[in-house]
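Here are the chains, one letter per residue:
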Amino acid sequence: MTFISIIIPFDTVKRYLKDCLDSLREQNIDDCEIILVLNGGKESVDDLLKEYDDLNIIIKSFDSRINVSKARNEGLKIAEGQYVYFIDSDDYIYQDGLSKLIDVAKNTNADFINGERINTGFIKERFAEEIDLLAEKKRYPLLKKNLADDEFSFKLLVGDKTDDFEVLSALHCLIKKDKIDKLFDESAVYQSDYEFMIDVLNGMESFVGVENAIYAKRIRDDPINLKSLNQQMGADKFLIYSEKFKKAIENINIEALKDEFASKLFKYYYSNFSGNFYANPDKKWRNEYFDILVGLMAKINFKNLSFYQKRELKALKSHDKNKLRKLLKLRINFSKLLEMDNMWRIKAAIYYKIFNKKEINQKQIIFCSFRGDYYSDSPKYLYEYLYENYPDEFDYVWVLNDKNVKVPGNPKKVKRFSLDFYKEVARSKYWVINGRQSVVLAKRKEQIIVSTWHGTPLKKLGLDIGNVYTRDPFLKHSYIDVSKEWDYLISPNRYTTDILKSSFGYEKDIFESGYPRNDILYNADENKVNEIKSKLNIPDDKKIILYAPTWRDDEFVDIGSVKFKLQLELDKLKENLSDEYIVLVRTHYFISNNLDLSGVEDFAFDVSRYDDIAELYLVADILITDYSSVFFDYANLKRPILYYTYDLEKYENVLRGFYLDIHEEVPGPLLKTTEEVIDSIKNIESLKEEYKDKYDAFYERFCSIEDGNASKRIVEKVWK
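Residues numbered from 1 in each chain as written. Predicted model: local features only at pLDDT ≥ 70, side-chain atom pairs only at ≥ 80, totals over all residues. Heavy atoms only, no water.

**Some details on the overall build of the protein chain**
For step 1, the next point in the chain: When you go through the protein chain residue by residue, the secondary structure sums to 29 helices and 23 strands.
For step 2, the next point in the chain: In terms of C-alpha radius of gyration, the protein chain reaches 30 Å, essentially the compact-globule figure of 27 Å for 720 residues.
For step 3, the next point in the chain: A principal-axis box enclosing the C-alpha atoms of the protein chain has dimensions of 85 × 65 × 50 Å.
For step 4, the next point in the chain: For the protein chain, with 720 residues in total, the buried portion stands at 55%.
For step 5, the next point in the chain: Nonlocal contacts in the protein chain, meaning residues at least 24 apart in sequence, comprise 73% of its contacts between residues at least 6 apart.
For step 6, the next point in the chain: Per element, the accessible surface of the protein chain, about 32300 Å² overall, is 46% carbon and sulfur.
For step 7, the next point in the chain: One finds the centroid of the 110 positive side-chain charges in the protein chain at a distance of 8 Å from the centroid of its 123 negative side-chain charges. (Helix = DSSP H or I, 4+ residues; strand = E, 2+ residues; numbered from the N terminus. Rg over C-alpha atoms; globule rule 2.2 N^0.38 Å. Buried < 20%, exposed > 50% of the residue type's maximum accessible area, 1.4 Å probe, protein only. Contact = heavy atoms within 4.5 Å. Areas by Shrake-Rupley, 256 points an atom, 1.4 Å probe, with all protein chains shown as cover. Lys, Arg positive; Asp, Glu negative; His and termini not counted. Charge placed at Lys NZ, Arg CZ, Asp CG, Glu CD.)

**Regarding the pairing of strand β14 (residues 488-491)**
For step 1, the next point in the chain: For strand β13 (residues 448-451) and β14, the ladder comprises two bridges, and the chain directions are parallel. Bridge pairing links V450 to Y488 in β14.
For step 2, the next point in the chain: The pairing of β14 with strand β15 (residues 511-512) spans two bridges and is parallel. Looking at β15, one finds that I490 is bridged to F511.
For step 3, the next point in the chain: Crossover handedness for the path β14 to helix α18 (residues 494-504) to β15: right-handed. (Pairing = 2+ DSSP bridges. Right-handed = clockwise from strand over helix to strand, strands pointing away.)

**Considerations on the side chain of S23**
For step 1, the next point in the chain: The residue S23 is located in helix α1 (residues 14-25) in this model.
For step 2, the next point in the chain: In this structure the side chain of S23 is engaged in a polar contact, spanning 2.7 Å, whose partner is the backbone oxygen of C20. (Polar contact = N/O pair within 3.5 Å; in protein donor to acceptor, adjacent residues only side chain to side chain.)

**A look at the packing of aromatic side chains**
For step 1, the next point in the chain: Taken as a whole and assessed by the stated rule, the structure comprises 60 aromatic pairs.
For step 2, the next point in the chain: A network of ring pairs unites the aromatic residues F367, Y375, Y383, Y387, Y390, F394, Y396, W398, Y430 and W719 as a single cluster. (Phe/Tyr/Trp six-rings, centres within 6.5 Å; stacked < 30°, edge-to-face > 60°.)

**A word on the side chain of S513**
For step 1, the next point in the chain: By the element assignment, S513 lies in the loop between β15 and α19 (519-523).
For step 2, the next point in the chain: Using a relative accessible area of 0% as the deciding quantity, one classes S513 as buried.

**As for the sheet that holds strand β21 (residues 622-625)**
Think of a sheet as strands paired side by side through backbone hydrogen bonds, with each pair either parallel or antiparallel.
For step 1, the next point in the chain: On the basis of which strands lie adjacent, the open sheet formed by six strands has the order β20-β19-β16-β21-β22-β23 and parallel pairing. Across the chains shown, the open sheet's two edge strands, defined by having one partner strand only, are β20 (604-606) and β23 (670-671).
For step 2, the next point in the chain: Both β21 and strand β22 (residues 641-644) contribute to a ladder of three bridges, which runs parallel. Residue pairing across strands places I624 opposite L642, the latter belonging to β22.
For step 3, the next point in the chain: Across the sheet, helix α21 (residues 570-577) lies against β16 (543-548), β19 (581-585) and β20, angled at about 155 degrees from β19, the strand it touches most. (Axes fitted to C-alpha atoms, helices over the stretch in contact; angles between N-to-C directions.)

**Regarding the confidence of the model for the protein chain**
For step 1, the next point in the chain: Looking at the protein chain, pLDDT values average 90 and 94% of them are 70 or higher.
For step 2, the next point in the chain: In the predicted structure, residues 554-564 sits below a pLDDT of 50 and forms 24 contacts with residues beyond four places in sequence or in another chain. (pLDDT = per-residue confidence, 0-100.)

**Quick notes on helix α20 (residues 526-536)**
For step 1, the next point in the chain: Three or more residues of α20 are buried, namely V529, I532 and L536. Considered in projection along α20, the buried side chains sweep an arc of 60 degrees and stay on one side of the axis. Those residues of α20 that are exposed and angled more than 90 degrees off the buried face are N527 and S534.
For step 2, the next point in the chain: Packing partners of the buried residues in α20 comprise β19 and α22 (613-619).
For step 3, the next point in the chain: Capping of α20 at its N-terminal end is provided by D525; its side-chain oxygen lies 3.3 Å from the backbone amide nitrogen of N527.
For step 4, the next point in the chain: At the C-terminal side of α20, N537 shows a positive phi close to 55 degrees. (Arc of directions from axis to C-beta.)

**Some points on the environment of E33**
For step 1, the next point in the chain: As for its placement among the helices and strands, E33 is situated in strand β2 (residues 32-38).
For step 2, the next point in the chain: Given a relative accessible area of 4%, E33 falls into the buried group.
For step 3, the next point in the chain: Spatially, the C-alpha atoms of E33 and V84 are 9.7 Å apart, while their sequence positions differ by 51 residues.
For step 4, the next point in the chain: Filtering out sequence-adjacent residues up to four positions away, E33 remains in contact with T2, I4, S5, I6, N56, I58, I78, A79, E80 and G81.
For step 5, the next point in the chain: Reaching out from E33, the side chain makes a polar contact with the side chain of S5 at a distance of 2.5 Å.

**Concerning the pattern of salt bridges**
For step 1, the next point in the chain: For the structure shown, the criterion picks out 51 salt bridges.
For step 2, the next point in the chain: E615 is the partner of K380 in a salt bridge, and the nearest nitrogen-oxygen pair spans 3.5 Å. Of this pair, K380 sits in helix α15 (residues 377-389) while E615 sits in helix α22; the two residues are 235 residues apart in sequence, bridging distant segments of the chain. Residue K380 shares its accessibility class with E615, and that shared class is buried.
For step 3, the next point in the chain: R494 is paired through a salt bridge with D498; the nearest N and O atoms lie 4.0 Å apart. Residue R494 and its partner D498 are located together in helix α18, separated by four residues, close to a single helical turn.
For step 4, the next point in the chain: A relative accessible area of 43% places D498 in the partly exposed class. (Salt bridge = Lys/Arg side-chain N within 4 Å of Asp/Glu carboxyl O.)

**As for the pairing of β16**
For step 1, the next point in the chain: The buried count for β16 comes to five of six residues, which makes it a mostly enclosed element.
For step 2, the next point in the chain: Sheet topology places β16 next to β19; five bridges connect them, and they run parallel. Looking at β19, one finds that L546 is bridged to L584.
For step 3, the next point in the chain: Bridging between β16 and β21 involves four bridges; their strand directions are parallel. From the neighbouring strand, Y547 faces β21, where its bridge partner is I624.

**With respect to the nonpolar core**
For step 1, the next point in the chain: Ranked by internal contacts, the top residues of the largest apolar core, which has 99 residues, are L98 and I175.
For step 2, the next point in the chain: Among the nonpolar cores identified, the runner-up in size contains 51 residues, and L386, W398, V425 and V468 belong to it. (Core = buried A, V, L, I, M, F, W, Y, C linked by side-chain atoms within 4.5 Å.)

**A few points about the packing of helix α6 (residues 149-158) against helix α10 (residues 255-279)**
For step 1, the next point in the chain: The interhelical angle for the contact between α6 and α10, taken along N-to-C directions, is 35 degrees, at an axis separation of 9 Å. Relative to α10, the crossing made by α6 is right-handed. Between α6, through F154, K155, L157 and V158, and α10, the contact on the second element is made entirely by A256, L257, E260, F261 and K264.
For step 2, the next point in the chain: Of the residues that constitute the contact of α6 with α10, the class distribution is six nonpolar, no polar and three charged. (Left-handed = near helix turned anticlockwise from the far one by under 90°. Nonpolar A, V, L, I, M, F, W, Y, C, P; charged D, E, K, R; others polar.)

**Remarks on the sheet that holds strand β12 (residues 428-433)**
For step 1, the next point in the chain: Judged by pairing direction, the sheet is parallel, and its seven strands sit side by side in the order β11-β10-β9-β12-β13-β14-β15 without closing on themselves. Two strands bound the open sheet, and with one partner strand each, they are β11 (412-414) and β15.
For step 2, the next point in the chain: Where helix α16 (residues 419-427) meets the sheet, its contacts fall on β9 (361-368), β10 (395-399), β11 and β12, and the angle it forms with β12 comes to roughly 110 degrees.
For step 3, the next point in the chain: Of the strands in this sheet, β14 and β15 touch α18, which is tilted by about 140 degrees from β14.

Shown next as structure tokens:
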């Protein structure tokens, strides 16, 4: 007889299913069947399943869409295992989490064996970092200590690292199949586990919780295009959870489990509900939702509460809203007082409570480029056009972390996140930015944000990225949150317009004006070029190669921590090309402090901190790049471009992926070695002829809007 039947309902997303199946393969289970129920969605997984011929996968397909409950029921109908196990297709098992459950089942023959579920935004390859973070914060996965088997099972089942209000889930539990009397309620759209699990748990005689058997419950990283059921609940989430919770506490006959319900409910109140009751502008939290919560709390007993927690609970149960509000005010203000050693919190509080309540200066424009590290990019050229043509009509402010940077017109300068910064942000009618504004900032209704973005995308952005490899697994959420506040979004071509709409979930019109930062490429004369060379303090008798590689997502280890090594061998370039060329090295601003040019100082020059890359384009005879968007801008000059793509397969298929077919559409050769780069430079004239037609087509598609007047068009659009 098959020992375990693993049931997986699949709706979307294929890359999530891959993580799921990979994690099952890693369990090395022999006597199991995997029942994959395909619910009639549009996404085919046939090609993916060919990679898993070694797994005993049974496919149950439906032509039309079915819900999770029906999919699980269909799996149960054909399951032949002694135990059944449910896993969602977008989740995965950490290390040997399922193997541990099976070992315990074989040794104990218990009716119900379960491990711990942990909510995560991390992809499978990086989930270990989530566990490490939990350890750093002293929030280790649950430990059994002196608990009995059943007590530990209930503690794991309810969990403390899952949704605050969720107490029952069929996931990551081994359940004896002959103990299952009722199927899932197919009429339930959300949280359909509850009725099934209430019946299962009441019918079980033996429970075993297994320590360090961990299941990763994925929080989907794209809540716009790839919503999970939980994310679809929206504003009804409280009502749905409270209804299910009520059923659980009324129908479960296991007192030890009810104790865990009480603990979870109070935790939800303390960390979530109380804040909404106190400050949420939606009055439901102080009326309808409040009454529901009071009703739930009246049904269960709470243990091990502190004196202050008991006072809040007493006020809550007695329906004394005024007293509860006073107690919450004390708790919240005390918490803020404890945090006052964090200066940024003090400044942010002043920003919200004082600056954001003062009158807006209708004439003031604040500019910021690359987090205040540079006076550069499109905000620079938009500012210079405005100042040159309207010097007295606006009040200008620049966000610059180095206030010694010279800016024409001597505008006010503020350091990012200084008190002055918050003050000027709050009072500026217009913000001009080239990236994502900080989530700390709160745009006021009367304010206008002009986002120029910072390049024509080659590699995928935001919502278009598959798996996110950066330290922040919720990177995509920030794209959605910040873009909602943009009033104007600037694009240099139709290709970029389409991408910005999809990658940001941007629903407003996008202005195809060209990039202000490219105006200089059409307007600069020879005197300007000589001025830039002089400022760079580089030899004037050599041709110039600009090397501008992008950063790789897997180089981002943690905030402020980057592992970076320049892959182009500059010593070999120097040996072969130094008679005719020098190299300017411009790394991405994320890694600009991590460049070492020891041994090639007289040949290679670090220009990573040079404010304006457009000026570097003007002096460069050849550009070497990889997947950076710099080549779209440089192409305006119609000069040779080489692509040093030593890790092309990894970058294309694993880290990001591209919007273009880089093999066919870029106007230069893809080179894998330093030797190939050297050879291409030595034969640059023949390469120019070889790529002429492709270059012309590329220019027409990506650069034809640019004419040196992008700033003028934007000013006439925004400040007409």
